[in-house]
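Chain residues, written in single-letter form:
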Amino acid sequence: MAGEGVKLFGTWASPFVLRVTLALKLKGIEYEYIEEDLSNKSPLLLQYNPVYEKVPVLVYGQKPVAESLVIFEFIEETWKHNPILPEDPYERAMARFWAKFAEEKCLPAIFNAFCKLGEEQEKFVKEAKENLRTLEEGLKGKKFFGGETMGFADVFAGWIPFWVRVMEEIMGIKIVEEESLPLISQWFEDILDFDIVKESLPPRDKLIAHLKAFRERVHGSSA
Ligand SMILES: N[C@@H](CCC(=O)N[C@@H](CS)C(=O)NCC(=O)O)C(=O)O
């Protein structure tokens, strides 16, 4: 599918970039990927996203769009084939609701569980489990949040399975267990088995090393 002049500025370890990658691939839009070094941002990135100076940035015909949610909406509205959001307005609202819940409730709890230690960590592990339990509501009777295939909430929360499994390994603590979170556990399997996801994930060892170093920096700076 023609995606003439589509460029994605990203970085390999970013869950936010993964979302945009998944949306582009689900639509079958060809694009050029430009890897950014966030410790030495390119002049082009600063020019394209002067407000946040972050990736992802999508550039289409010289016009830059920043922020993963905004980029997603732009992709969905520009290329209308293979819609990722459902047609029915109520279903659309539900897809947005669960994507927002995953972003606002699951992401911070998972991130804090990974970064904190001791009692604080225990508190956030519990919170992450509870919030993922709530997220299971959106999966009831379905394989994906989008139904039989990946939809908007799957694209938005699609980083969680791979990142959480890696974080669990680093922490030596399980957040998602089959007995307590059966639907999320199965969704993890299904997302990780989805071809477009598989080909878009970073190498596991590289992510482990990256997140370990990140965690050590966080602990070092709070010591
Ligand atoms: N709200 C943004 C978050 C993007 C974001 O945090 N990107 C990180 C990489 S994971 C970044 O570019 N960080 C560079 C910086 O903070 O200077 C989105 O949804 O796109």
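Just so it is clear, the model here is predicted, and its values are computed rather than measured.

Peer 1: Now, about the side chain of arginine 215: what can you tell me, with residues and values included?
Peer 2: Here arginine 215 shows up in helix H10 (residues 204-222). Summary of buried charges: arginine 215 has no salt-bridge partner, and the nearest side chain of opposite charge, glutamate 216, is 7.3 Å away. Excluding residues that lie within four positions of it along the chain, arginine 215 makes contacts with Phe114, Lys116, Leu117, Gln121, Ile170 and Met171.

Peer 1: Would you mind going over the packing of aromatic side chains in detail, with residue names and values included?
Peer 2: Following the criterion strictly, the structure yields 14 aromatic pairs and no others. Summarising the aromatic geometry, the rings of tyrosine 60 and tryptophan 79 are spaced 4.9 Å apart at their centres and angled 55° between planes, so their arrangement reads as tilted. On the criterion of sequence distance, the pair formed by tyrosine 60 in strand S3 (residues 57-60) and tryptophan 79 in the loop between helix H3 (68-78) and helix H4 (89-115) is long-range, its members being 19 residues apart. You can call tyrosine 60 partly exposed: its relative accessible area is 28%. The interplanar angle of 50° and the centroid separation of 5.8 Å between the aromatic rings of phenylalanine 111 and phenylalanine 214 together place this pair among those described as tilted. Of the two residues, phenylalanine 111 is situated in helix H4 and phenylalanine 214 in helix H10; the sequence distance between them amounts to 103 residues. According to the relative accessible area criterion, phenylalanine 111 is partly exposed, its value standing at 37%. Ring pairing ties together the aromatic residues Tyr60, Phe74 and Trp79, which thus form one cluster. Across from the ring centre of phenylalanine 124, 4.2 Å away, lies the NZ or CZ of lysine 123, which sits over that ring. The aromatic ring of phenylalanine 114 is capped on one face by arginine 215, whose charged end is 5.3 Å from the ring centroid.

Rules and cut-offs
- Residues numbered from 1 in each chain as written.
- Predicted model: local features only at pLDDT ≥ 70, side-chain atom pairs only at ≥ 80, totals over all residues.
- Heavy atoms only, no water.
- Helix = DSSP H or I, 4+ residues; strand = E, 2+ residues; numbered from the N terminus.
- Buried < 20%, exposed > 50% of the residue type's maximum accessible area, 1.4 Å probe, protein only.
- Lys, Arg positive; Asp, Glu negative; His and termini not counted.
- Salt bridge = Lys/Arg side-chain N within 4 Å of Asp/Glu carboxyl O.
- Contact = heavy atoms within 4.5 Å.
- Phe/Tyr/Trp six-rings, centres within 6.5 Å; stacked < 30°, edge-to-face > 60°.
- Lys NZ or Arg CZ within 6 Å of the ring centre and 35° of its normal.

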